[in-house]
Amino acid sequence: MALTEMDFRLTDHEGNEVGPETLIGRPTMAFFGFTYCPDVCPTTLSDISGWLDDLGDEAKQLNVVFITVDPERDTVEAMAEYVSYFHPAIRGWTGPEGQIARIADGFRAAYERVPTEGGDYTMNHTASVFLFGAAGRFVTMIDYHEPREFAVPKIRRALEEETEGAT
Amino acid sequence: MKKIIMTGTLAALLTFGGLSVPALAGPVDVVVESAWSRASIGMNRPGAAYMTIRNTGDEPVTLIGLSTPLAMMPEIHETKTNAEGVSSMSAAGEIAIAPGESVALEPGGLHAMLMRLQQPMTEGETFPLTLLFVDGGEVTVEVPILGIAARGPED
Ligand SMILES: [Cu+2]
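Residues numbered from 1 in each chain as written. Chains lettered and ligands numbered in written order. Predicted model: local features only at pLDDT ≥ 70, side-chain atom pairs only at ≥ 80, totals over all residues. Heavy atoms only, no water.

**A short note on the sheet that holds strand E5 (residues 90–94) of chain A**
Residue and element names in this part refer to chain A. Under the convention used in this document: Strands qualify as paired when DSSP identifies two bridges or more between them. Going along the chain from the N terminus, every DSSP run of H or I of four or more residues is numbered as a helix, and every run of E of two or more is numbered as a strand. Residue contacts follow a heavy-atom distance rule, with two residues in contact if any of their heavy atoms lie within 4.5 Å. Only the contacting stretch of a helix is used when fitting its axis, a line to C-alpha atoms as for every element, and angles between N-to-C directions run 0 to 180 degrees.
As summarised here, the arrangement of the seven strands in space is E2-E1-E5-E4-E3-E8-E9, forming an open sheet in which the pairing is mixed. Looking along the sheet, the strands with just one partner apiece sit at the ends: strand E2 (17–18) and strand E9 (138–142). With two bridges connecting them, strand E1 (residues 10–12) and E2 associate as antiparallel partners. Considered in E2, the bridge of Leu-10 is made with Val-18. Contacting strand E3 (28–33), strand E4 (63–68), E5, strand E8 (129–132) and E9, helix H2 (residues 40–55) runs over the sheet at an angle of about 165° to E3.

Dropping the structure here:
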């Protein structure tokens, strides 16, 4: 689904209201996860940070968004602290469960709450990184653990997408 | 007492030997290399540690569990990513390592999941992690705590 067809209202880690229109106009790289994730999420955010470093100045044109699938624990404050440890371009988005469901649906991303021992829970979730062009059109995904030599050219493809229709 | 001395030795080896941390103990012929972990934010979130476990002996060894003063519920976990790209984590169960073989605990695969932290994991510090084997043998390794955004033992 193109970003232009999506409908959701979330809050970024600085407390700003955000929606699909926040992303349209610039290419977008987005990832779903949660801050209580010890393995996949910090790894992917580190990978994203590395790709952004590789892109250098080009990275400044990108929206980079980390969207929580665990809004119960990932408040705006939790997201703000978490993203501060990674590349400064990365924005953290959270919001009501129903709105998280809508953005995940729009992205065709899946997530599921899984109880663990002792009353805790973890989240299964799509670990791919999504890329959209500036006009909001879906370009491609970077799969988990895809080598950097494949990831960075994919991001460049999103950067070079037609900006037609964008403001 | 014995444990404390060994930890000290390991810390020294870590300092002088770089990334390779020989952790020979008792009857288990196992060497742990390139151990590392990420700093935590507070104590509510679980941590994860990574390393390569090498069986240097002539007999198979079977890793059955972990113990550490850092976490009440340390467990070997495995992250799996399915064909749809969805990642999930679960207990890995026993891990058999054939003679001469090694098992890598690395991001996106096997990891030492550190649940119920007893203290925050602070960058620059280390913590002892004991690997428990089926025959009762134990190997303790001192795990360096790197930054939250660390990608590997060299970060
Ligand atoms: Cu785990």
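**Some words on the interface of chain B and chain A**
Inclusion rule: For any pair of parts, buried area is found by adding up, for both, the accessible area (1.4 Å probe) each one loses once the two are put together. Any Lys or Arg side-chain nitrogen found within 4 Å of a carboxyl oxygen on Asp or Glu counts as a salt bridge.
Across the boundary between the two partners, chain B contributes 28 residues, which contact 29 residues of chain A. Where chain B abuts chain A, roughly 2,200 Å² becomes buried across the two surfaces, and 54% of that area is made up of carbon and sulfur atoms. Counting the surface chain B buries against chain A, the share from its top three residues, B:Ile41, B:Arg45 and B:Arg151, is 26%. The interface formed by chain B and chain A contains one salt bridge. Between A:Asp120 and B:Arg116 there is a salt bridge, and its shortest N-O distance comes to 3.6 Å.

**Looking at the packing of aromatic side chains**
Residue and element names in this part refer to chain A. Selection criterion: Under the pairing criterion, centres of Phe, Tyr and Trp rings, with the six-membered ring standing for Trp, must be within 6.5 Å; the plane angle then separates stacked pairs below 30 degrees from edge-to-face pairs above 60, leaving the rest tilted. For the exposure calls, accessible area comes from a 1.4 Å probe over protein chains only, and a residue counts as buried if that area is under 20% of its type's maximum, exposed if over 50%, partly exposed in between. Only Lys NZ and Arg CZ are tested; either one counts as a charge over a ring when it is within 6 Å of the ring centre and within 35 degrees of the ring normal.
Applying the stated criterion across every chain, the model contains 10 aromatic pairs over all chains. Centroid distance Phe-107 to Phe-132: 4.9 Å. Interplanar angle 70°. Geometry classified as edge-to-face. Of this pair, Phe-107 sits in helix H4 (residues 97–107) while Phe-132 sits in strand E8, and the two are 25 residues apart along the sequence. When sorted by exposure, Phe-107 lands in the same class as Phe-132, which is buried. A connected cluster of aromatic rings, assembled from ring pairs, spans Phe-32, Phe-107, Phe-130, Phe-132 and Phe-138. Above the face of the Tyr-36 ring, Arg-73 is positioned so that its terminal group lies 4.2 Å from the ring centre. Sitting over the ring of Tyr-121, Arg-113 keeps its end group 3.6 Å from the ring centre.

**Remarks on the coordination of the copper ion**
Residues and elements named next belong to chain B. Selection criterion: Because no water is among the atoms considered, metal sites can look incomplete, with donors defined as N, O and S atoms within 2.8 Å of the metal, or 3.2 Å for Na, K and Ca. Sites are called tetrahedral only when four donors show all angles between 85 and 135 degrees, square planar or octahedral only when four or six donors show opposite pairs over 155 degrees and all other angles between 65 and 115, and irregular in any remaining case.
The protein atoms that coordinate the copper ion are His-77 (ND1), Met-89 (SD), His-111 (NE2) and Met-113 (SD), at distances spanning 2.2 to 2.4 Å. Considering all four donor atoms around the copper ion, angles at the metal cover 94 to 119° and the coordination shape is tetrahedral. The sequence pattern formed by the donor residues of the copper ion is H-x11-M-x21-H-x1-M. Here His-77, found in strand E5 (residues 71–81), pairs with Met-113, found in strand E9 (residues 110–117); they are 36 residues apart in sequence, far enough to count as distant. For the pair His-77 and Met-113, one class covers both residues: buried.

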